[in-house]
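# Chain and residue survey
Listed below, chain by chain, are the residues.
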Amino acid sequence: MASSIVKHRVRGMPAQDGAGVKLKRVINQPSFRHRDPILMLDEFKSDDPNDYIAGFPPHPHRGFCTLTYMLAGNMAHEDSNGNSGEISTGGLQWMKAARGMIHSEMPKQKNGLMWGFQLWLNLPAAEKMSDPDYADIPGDSVPEVPLEGGTVRVLSGEFNGQVGPVNAPGREFLYLDYRLPGGVNVTLPQQHQQTRLLYVYQGSITVDGITANEGELLELDAEAEVPLTTGNEGNFLLMAAKPIGEPIAQYGPFVMNTEAELRQAFADYQSGKLTA
């Protein structure tokens, strides 16, 4: 692969998480680890309830944020701070775990298509032990910008004068959902975030002679203008952020800066102090 724009291309790999939910792990797999500050991206998509019905029973988090985005289906959330809610098609759920939270995500349907994404974003050391935060964002709160016969849903950051509803002060995080018809040409916005990733969830797109099909992610050059062309259709997520530039120590649901902090997170969880 020779391109001045595309640095890497990787395909999501099958995985399981929670109580056996089948999913596709795109970021944080053996061939593509985290890209500061983006720690993980999972896609879950199935119309077989056996693949998702067990959900994600209560589990701990510390030191980072999660962002769940639903394309289809209904998911209920509860946490140890007393927050609860349900997100459905087009909606998001933002959780800043920070110093600690016990969290569950369970399907609110027994059949039909369940399709969505979960993204993990790191927090800087100064915020890892701050107060948790939480927000349910309904689909009708997400602004949509018309583009070349399709739309761009602005989940976080700014695009064409529209600002996404995810409130992440200081994160400067761009998260856009492009839904484009076939055979159109667009240029991706450049907001000078060094980490810049594109995930194709339906159809295909071509950038600098390199075609990414459904289930593939491209890591893009930070500063280049990125003209792309869609195939029969081109639906993709664009994620961009400024790196934090701090050490990352991660074990499962805990993301800290040092091994000692990880050990403390485990001790706090086992003693019931994680959320104190």
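Before any of the text, the structure's been laid out above.
Values in this document were obtained by computation on a predicted structure and should not be read as measured data. For every chain, the first residue of its written sequence is number 1, and the numbers climb from 1 along that sequence. For this predicted model, a pLDDT threshold of at least 70 governs which residues receive local features, and a threshold of 80 or more governs which side-chain atom pairs are given and counted, while totals over whole chains, interfaces and linings are taken from all residues. Heavy atoms throughout the structure, all of them, feed into the side-chain values; hydrogens and water do not.

## A word on the sheet that holds strand 9 (residues 92-96)
Sheet strands pair via backbone hydrogen bonds, and the direction of the pair is either parallel or antiparallel. As a reminder of what qualifies: Strands are labelled as partners when DSSP assigns at least two bridges between them. Where helices and strands are cited, they refer to DSSP runs of H or I of at least four residues and of E of at least two residues respectively, numbered from the N terminus. To get an axis, fit a line to the C-alpha atoms, keeping to the stretch in contact for a helix; angles then go from 0 to 180 degrees between the N-to-C directions.
The sheet built from 7 strands is open, its strands ordered 2-3-4-11-6-9-12 with antiparallel pairing. At either margin of the open sheet sits one strand with a lone partner, and together these are strand 2 (13-17) and strand 12 (133-137). Going across the sheet, the axis of each strand differs from the next one's by a mean of 20°, ignoring polarity. Here strand 2 runs beside strand 3 (residues 21-27); their pairing, made up of 5 bridges, is antiparallel. Across the sheet, Asp 17 pairs through a bridge with Val 21, a residue of strand 3.

## A closer look at the nonpolar core
For clarity, the threshold we go by: Each nonpolar core is a collection of buried residues, namely Ala, Val, Leu, Ile, Met, Phe, Trp, Tyr and Cys, held together in the definition by side-chain atoms within 4.5 Å. With a 1.4 Å probe rolled over the protein chains alone, any residue whose accessible area is under 20% of its type maximum counts as buried; one over 50% counts as exposed, and the rest are partly exposed. Working rule for contacts: check all heavy atoms of both residues, and any pair within 4.5 Å makes them a contact.
In this structure, Phe 117, Leu 119, Phe 173, Tyr 175, Leu 217 and Met 239 are the most contacted members of the largest nonpolar core, which totals 33 residues. Counting residues per element, the ones that place at least two in this core are strand 3, strand 4 (38-46), strand 6 (64-72), strand 9, strand 11 (114-122), strand 19 (195-207) and strand 22 (226-241). No other element matches strand 6, which puts 5 residues into this core. Excluding anything up to four places from it in sequence, Leu 119 contacts Ile 38, Met 40, Leu 41, Cys 65, Thr 66, Leu 67, Phe 173, Tyr 175 and Met 239. Grouped together as the second largest cluster of nonpolar side chains are 28 residues, Leu 147, Phe 159, Leu 198 and Val 207 included.

## Structural notes on the sheet that holds strand 10 (residues 101-107)
Reading across the sheet, the 4 strands line up as 5-10-7-8 and stay open at both edges, with antiparallel pairing between neighbours. For this open sheet the edge positions go to strand 5 (56-61) and strand 8 (84-87), each flanked by a neighbour on one side alone. With direction set aside, neighbouring strand axes in the sheet form an average angle of 20°. Pairing geometry for strand 5 and strand 10, over 4 bridges, is antiparallel. Across the sheet, residue Phe 56 finds its bridge partner in strand 10, namely Glu 105.

## Some remarks on the side chain of Asp 36
Rule in force here: In protein, a polar contact requires one atom able to donate a hydrogen and another able to accept it; more generally it is a pair of N or O atoms within 3.5 Å, and residues adjacent in sequence count only if both atoms are side-chain atoms.
As for its position among the elements, Asp 36 is in the loop between strand 3 and strand 4. A distance of 2.8 Å separates the side chain of Asp 36 from the backbone nitrogen of Gly 245, its partner in a polar contact. Not counting the four nearest positions on each side in its chain, Asp 36 is found in contact with Thr 195, Pro 243, Ile 244, Gly 245 and Glu 246.

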